[in-house]
Amino acid sequence: MEDLPEALVAEIFNKITSTSDLNSLSLVSKQLYKTEGNQRAAIRVGSGLCNSTEALTALCARFPNLRKVEIDYSGCVPRRGPQLDNKGLSVFSSHCSSLIDLTLSFCSYINDYGLGCLAQCKTLVSLRLISTPQITSIGLFSVAVGCTSLSALHLIDCEKIDCVEWLEYLGRDGSLEELVVRNCKGISHHDLLKFGSGWMKLQKFEFEGNRGLYGICQGDVVYDSSYDAHSRDIYDWCCESLKYLRLAHIKTLPEVGLRVVLGKCKALEKLCLEYVHALNDNDMIALSRSCNNLKSISVWLDIQYYSSDVSYCEARTSFTDNSLYALAVNCRMLQIVDFKFDGCSRDWPSEFGFTQKGFLALIRSCPIRVLVLDTANFLDEEGMKALSSSPHLETLELTFCPAVTDAGMRFIARTPCLRNLTLRVCHEVTDVGVAELGREHKLESLVIDYCGEVSLQGVQGVAKSVLYSKDFSRRRKIGLGSGC
């Protein structure tokens, strides 16, 4: 290979994706060693990294064109053994002139001083901080000021980051296109409203609060089902570029909180709402009216108390059929739907804000390709019959749907484009219903998890790929025509 032109050798290396294969090939000759080093654009290191200045400098010289660096000490006991420290991070920031993407995971020895060294990385575009216990808002502000090319910031499990001067600065600068904040105790979702004009350029936003107990009514907290946070605009910014929005484990309050974002996202394509308390139909209606391009929606709901007058209170999930009707009318590009109902009982239908009638109105109005339902007690034989007429449905996943039976399987087997089916904890489905699926010879994949009346023998040959388990912790994969 030493006679090959360097450009051709470089092209060969570009075709190899396995790090171990690249390492092996680089040992064949000095030319390949040098070429592979020059071509390597990304490295991921952790507990095996020697953190001396000399070793790190040599590492950077070995790979002079690094664009992406991930330092990951997950699984390592803090303060046990050497880790990359402030001085080591300074070596990377000063020697990796092409660095655009940096991730620091579980780096216990790096504090604000070390993070401040990144200010000289004028090319840094993306920064991810995951469980970095020594870093505070001071270090983050240094990055916000110094890293003038920064467009993506992820903060995950960063306990000491609290005050949001850095957020206000980034908002005024208007350079961020991606902001993810998860489980950072010092940052509330109310703080994110201080991002101001920065929302204008943002394309991806996630906020996940501290996870608590969900699926349980919260004492005497009663939310107003008629409150409309979108009837007047109290914020002078908009989110016209936002395409991905995820809100999880938060309680939004009237006139304060991220619920106002829902009515400002004209370009939104994917929405995830996971256990967001205090929302009501007015929020979903406002969203549907502004988001005609919505293609994917995931809504996980638990039981909350709602009242529109002082004399009556009901325990139910946040949204009702009015939300489904609004989505059906306004979001005609919707292709992926994921609904989960946590803590709702089959014996208390009133706990479900949705009914089968509203659900089917959505299904009939939109070109749904992927449908995921968890604890959808309202879905019965009639609903499965309606689903079987969905011309675009390719993937269906049902978990703990007690009204889904063998009769429903007979209907769903006739769905024109269905290729992937998952059934979890559907105890009313038996081998008889599974056999109906096999007769159509359509399925590419079938997953059966803890469906007590379905046997291993019953799933043989039903799909090209079958995953079967009697419980959630064990699965057996069965190929087409497999006898085991």
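A few points on the structure.

About the cut-offs
- Residues numbered from 1 in each chain as written.
- Predicted model: local features only at pLDDT ≥ 70, side-chain atom pairs only at ≥ 80, totals over all residues.
- Heavy atoms only, no water.
- Helix = DSSP H or I, 4+ residues; strand = E, 2+ residues; numbered from the N terminus.
- Areas by Shrake-Rupley, 256 points an atom, 1.4 Å probe, with all protein chains shown as cover.
- Axes fitted to C-alpha atoms, helices over the stretch in contact; angles between N-to-C directions.
- Parallel < 35°, antiparallel > 145°, perpendicular 65-115°, else oblique.
- Left-handed = near helix turned anticlockwise from the far one by under 90°.
- Contact = heavy atoms within 4.5 Å.
- Nonpolar A, V, L, I, M, F, W, Y, C, P; charged D, E, K, R; others polar.
- Buried < 20%, exposed > 50% of the residue type's maximum accessible area, 1.4 Å probe, protein only.
- Core = buried A, V, L, I, M, F, W, Y, C linked by side-chain atoms within 4.5 Å.
- Pairing = 2+ DSSP bridges.
- Right-handed = clockwise from strand over helix to strand, strands pointing away.
- Phe/Tyr/Trp six-rings, centres within 6.5 Å; stacked < 30°, edge-to-face > 60°.
- Disulfide = S-S within 2.5 Å.

The helix and strand inventory of the protein chain stands at 14 helices and 20 strands. Just so you have it, the protein chain exposes about 21,600 Å², and 51% of that area is on carbon and sulfur atoms.

This part covers the packing of helix α4 (residues 53-62) against helix α5 (residues 86-95). Contact geometry for α4 and α5: axes closest at 10 Å, N-to-C directions at 25 degrees. The orientation of α4 with respect to α5, classified from their angle, is roughly parallel. The two elements α4 and α5 meet at a crossing, and its hand is right-handed. Counting all contacts with α4, which are made through Thr53, Leu56, Thr57, Leu59 and Cys60, the residues of α5 involved are Lys87, Gly88, Val91, Phe92 and His95. Class assignment of the residues belonging to the contact of α4 with α5 gives a composition of five nonpolar, four polar and one charged.

Any two packed helices are characterised by the angle at which their axes cross and by the distance between the axes. Two elements in contact, helix α7 (residues 137-146) and helix α8 (residues 165-173), have axes whose closest approach is 8 Å; the angle formed by their N-to-C orientations is 15 degrees. In terms of orientation, α7 and α8 fall into the roughly parallel class. Crossing handedness for the pair α7 and α8: left-handed. From α7, Ser137, Leu140, Phe141, Ala144 and Val145 reach across to α8, where they touch Glu165, Trp166, Tyr169 and Leu170. For the contact of α7 with α8, the class distribution of residues is seven nonpolar, one polar and one charged.

All right, on to the environment of glutamate 240 then. Among the structural elements, glutamate 240 can be located in the loop between β8 (222-224) and β9 (244-251). Note on glutamate 240: relative accessible area 36%, which makes it partly exposed. In this structure the C-alpha to C-alpha distance between glutamate 240 and lysine 201, which are 39 residues apart in sequence, comes to 7.5 Å. Discounting residues that sit within four places of it in the chain, glutamate 240 has contacts with Met200, Lys264, Lys266 and Ala267.

Membership of the largest hydrophobic core comes to 130 residues, with the highest contact counts inside it found for Trp166, Phe205, Phe359 and Leu446. Those residues in contact with leucine 446 that lie beyond four places of it in its chain are Leu421, Val434, Leu437, Val459, Val462, Ala463, Ser465, Val466 and Leu467.

Time to look at unusual backbone geometry. The phi torsion at histidine 249 lies on the positive side, around 55 degrees, for a residue other than glycine. The residue histidine 249 is located in strand β9 in this model. A positive phi is found at tyrosine 450, a non-glycine position, where the angle reads about 50 degrees. Note that tyrosine 450 resides in the loop between β18 (445-449) and β19 (465-471). The class for tyrosine 450 is partly exposed, based on a relative accessible area of 37%.

Across the 10 residues that make up helix α11 (residues 356-365), a large majority, seven, are buried. Along α11, the residues classified as buried are Gln356, Gly358, Phe359, Leu360, Ala361, Leu362 and Ile363. Turning to α11, the residues buried within the fold contact α10 (321-330), β14 (336-342), β15 (370-374) and α12 (381-387).

This paragraph deals with the pairing of strand β6 (residues 178-182). Pairing between strand β5 (residues 152-156) and β6: five bridges, direction parallel. Among the inter-strand pairings, leucine 153 is bridged to a residue of β6, identified as leucine 179. Between the parallel elements β5 and β6, the chain passes through α8 in a crossover that is right-handed. Sheet topology places β6 next to strand β7 (residues 204-208); five bridges connect them, and they run parallel. Across the sheet, the residue bridging to leucine 179 is phenylalanine 205, located in β7.

Let us now look at the side chain of asparagine 377. Along the chain, asparagine 377 falls in the loop between β15 and α12. Setting aside residues no more than four positions away along its own chain, asparagine 377 makes contact with Cys344, Ser345, Arg346, Phe352, Phe400, Pro402 and Ala403.

Overall, the coordinates contain 11 aromatic pairs when judged by the stated rule. Pairing phenylalanine 141 with tyrosine 169 gives two aromatic rings, centres 5.7 Å apart and planes at 70 degrees, and the pair type is edge-to-face. With phenylalanine 141 in helix α7 and tyrosine 169 in helix α8, this pair connects stretches of sequence that are 28 residues apart. Judged by relative accessible area, which is 33%, phenylalanine 141 ranks as partly exposed. Ring centres 6.3 Å apart and planes at 90 degrees place the aromatic pair phenylalanine 352 and phenylalanine 378 in the edge-to-face group. Residue phenylalanine 352 is found in the loop between β14 and α11, and its partner phenylalanine 378 is found in the loop between β15 and α12; the two are separated by 26 residues along the sequence. Exposure remark for phenylalanine 352: the relative accessible area of 8% places this residue in the buried category. Residue classification places phenylalanine 378 among the buried residues on the basis of a relative accessible area of 12%. Among the aromatic side chains, those forming a connected cluster through ring pairs are Phe339, Phe341, Phe352, Phe354, Phe359 and Phe378.

Under the definition given, this model contains zero disulfides. No disulfide involves cysteine 265; its sulfur sits 4.6 Å from that of cysteine 239, the nearest cysteine. According to the relative accessible area criterion, cysteine 265 is buried, its value standing at 0%. Distance from the sulfur of cysteine 291, which forms no disulfide, to the nearest cysteine sulfur (cysteine 265) is 5.3 Å.

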